[in-house]
Amino acid sequence: MNRRKFVNTMGLGLAATSLPTVLLANNGSDYNRDEEAPFPGHSFPDLPYSYNALEPAIDSMTMEIHYDRHHRGYFKKFMTAIKGSELENTPLTKIFSLMSSHNSSVRNTGGGFYNHTLFWNNLSPEKTKASPELLSAIDSSFGSFESFKEQFSKAAATRFGSGWAWLVLQRDGSLKVSSTPNQDNPLMDLADIQGVPLLALDVWEHAYYLKYQNKRTSYIEAFWSVINWKEVSKRFKEAG
Ligand code: MN
């Protein structure tokens, strides 16, 4: 994959995860469809299922607080951070590709806004299967699905403090597992492993502490039962 195709691919990846997603009215949000849109370039996404849909892997209260307070908080702070600048109308993927030239507020809040959108969409209460093409790529890059699962779980478990684990499609077409601190992601030009994020796992304590307390590994194991492989396969296809 050449550089230009890679950049285009990242754009598609974003389009796929930020489809028209303004919250419906009457949900207590400050930002809803009936108000004059305050932020033309960016919008807060709907959760694609109900708060209790992923029980028992992810409990309803965690999901509500995580989405409605943490994720919404990142969105609002991001909007404040970019207010009045050209970033108001700059796609997130472009902001990330030049992240080293932006301030830490844009980095943390923009990452928090984007990463959670990606995360909600790569979870599902439905039982789904990875496409043959994705399974084949996982085999090529990791030797087997079990080996991939082991590497990913280890990356998630050993991320010190707060951060994310990722399955990343690299520029050369191979897959790689990585983890990032805080709200960084593989689209950022300062990430150690860069590429298109196909699968995300939030390992901040706020993602699991109510149900799992300090047992992050139990949360990681439960995560495997609610992955939306259809979505992950779609991201792989669109980026490939
Ligand atoms: Mn989170």
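Residues numbered from 1 in each chain as written. Predicted model: local features only at pLDDT ≥ 70, side-chain atom pairs only at ≥ 80, totals over all residues. Heavy atoms only, no water.

1. A closer look at the coordination of the manganese ion
Next up, step 1: Around the manganese ion, the protein contributes the donor atoms His66 (NE2), His116 (NE2), Asp202 (OD) and His206 (NE2), which lie 1.9 to 2.1 Å from the metal centre.
Next up, step 2: Mapped onto the sequence, the residues coordinating the manganese ion show the spacing H-x49-H-x85-D-x3-H. With a gap of 140 residues between them, histidine 66 in helix α2 (residues 60–82) and histidine 206 in the loop between β3 (196–202) and α7 (209–212) connect regions that are remote in the sequence. For the pair formed by histidine 66 and histidine 206, the shared burial category is buried. (Donors = N, O, S within 2.8 Å, 3.2 Å for Na, K, Ca; no water. Helix = DSSP H or I, 4+ residues; strand = E, 2+ residues; numbered from the N terminus. Buried < 20%, exposed > 50% of the residue type's maximum accessible area, 1.4 Å probe, protein only.)

2. Things to note about the pattern of salt bridges
Next up, step 1: Taken as a whole and assessed by the stated rule, the structure comprises five salt bridges.
Next up, step 2: Note that aspartate 68 is salt-bridged to arginine 72, the shortest N-O span being 2.4 Å. Taken together, the residues aspartate 68 and arginine 72, both in helix α2 and four residues apart, mark about one turn of the helix.
Next up, step 3: Aspartate 68 sits in the partly exposed class, given a relative accessible area of 28%. (Salt bridge = Lys/Arg side-chain N within 4 Å of Asp/Glu carboxyl O.)

3. Concerning the packing of helix α5 (residues 132–142) against helix α6 (residues 145–158)
Next up, step 1: Two numbers describe how α5 lies on α6: the axes approach to 8 Å, and their chain directions differ by 70 degrees. It follows from the interaxial angle that α5 and α6 lie roughly perpendicular. Along its contact with α5, which presents Leu135, Ile138, Asp139 and Phe142, the element α6 presents Phe145, Ser147, Phe148 and Gln151.
Next up, step 2: Considered class by class, the residues forming the contact of α5 with α6 number five nonpolar, two polar and one charged. (Axes fitted to C-alpha atoms, helices over the stretch in contact; angles between N-to-C directions. Parallel < 35°, antiparallel > 145°, perpendicular 65-115°, else oblique. Contact = heavy atoms within 4.5 Å. Nonpolar A, V, L, I, M, F, W, Y, C, P; charged D, E, K, R; others polar.)

4. Regarding the environment of serine 162
Next up, step 1: Inspection of the secondary structure puts serine 162 in the loop between α6 and β1 (163–169).
Next up, step 2: Given a relative accessible area of 24%, serine 162 falls into the partly exposed group.
Next up, step 3: As a C-alpha pair, serine 162 and threonine 180 span 18 residues in sequence and 8.7 Å in three-dimensional space.
Next up, step 4: Leave out the neighbours within four places in its chain, and serine 162 touches Thr180, Pro181, Asn182 and Trp204.

5. Overview of the nonpolar core
Next up, step 1: Phe148, Phe152, Leu175 and Leu201 are the most contacted members of the largest nonpolar core, which totals 65 residues.
Next up, step 2: With seven residues, α2 is the single largest residue contributor to this core.
Next up, step 3: Apart from the residues within four sequence positions on either side, leucine 175 is in contact with Leu134, Ala137, Ile138, Ser141, Phe142, Leu167, Val168, Leu169, Gln170, Leu198 and Phe236. (Core = buried A, V, L, I, M, F, W, Y, C linked by side-chain atoms within 4.5 Å.)

6. Some details on the pairing of β1
Next up, step 1: Of all seven residues that make up β1, seven are buried, and the element is covered over most of its length.
Next up, step 2: With burial as the criterion, each face of β1 is covered, one bearing Gly163, Ala165, Leu167 and Leu169 and the other bearing Trp164, Trp166 and Val168.
Next up, step 3: As judged from the seven bridges shared by β1 and strand β2 (residues 175–181), these two strands associate in the antiparallel manner. Looking at β2, one finds that tryptophan 166 is bridged to serine 178.
Next up, step 4: Counted along the chain from β1 to the antiparallel partner β2, the turn is five residues long, and its residue glycine 173 has a positive phi close to 90 degrees. (Pairing = 2+ DSSP bridges.)

7. Notes on the confidence of the model for the chain
Residues shown with low pLDDT carry predicted positions that ought not to be read at fine detail.
Next up, step 1: Averaged over all residues, the pLDDT of the chain equals 87, while 83% of them reach at least 70.
Next up, step 2: Note on residues 1–39: pLDDT is under 50 here. Beyond four places in sequence and across chains, it has 67 contacts. (pLDDT = per-residue confidence, 0-100.)

8. Brief notes about α2
Next up, step 1: A rise of 1.5 Å per residue sets the reference length of α2, with its 23 residues, at 33 Å; its end C-alpha atoms lie 32 Å apart and thus fit the reference within 8%.
Next up, step 2: Helix geometry: α2 is bent most strongly at histidine 66, by close to 30 degrees.
Next up, step 3: Burial in α2 covers these residues: Thr62, Met63, His66, Tyr67, His71, Arg72, Tyr74, Phe75, Phe78, Met79 and Ile82.
Next up, step 4: On the buried face of α2, the contacting elements are α3 (92–97), α4 (104–121), β3 and α7.
Next up, step 5: Once α2 finishes, glycine 84 follows within two positions and takes phi at roughly 80 degrees, a positive value. (Expected span 1.5 Å × (residues − 1). Bend = angle between axes of the 7 residues up to and from the residue.)

9. Considering the sheet that holds β2
Next up, step 1: Here three strands make up an open sheet; going across it, the order is β2-β1-β3 and the pairing antiparallel. Both outer strands of the open sheet, β2 and β3, are each paired with one neighbouring strand and no more. Strand-to-strand twist in this sheet, taken as the mean axis angle between neighbours without regard to direction, amounts to 25 degrees.
Next up, step 2: Seen against the sheet, helix α9 (residues 229–239) touches β1, β2 and β3 and runs at an angle of roughly 150 degrees to β3.

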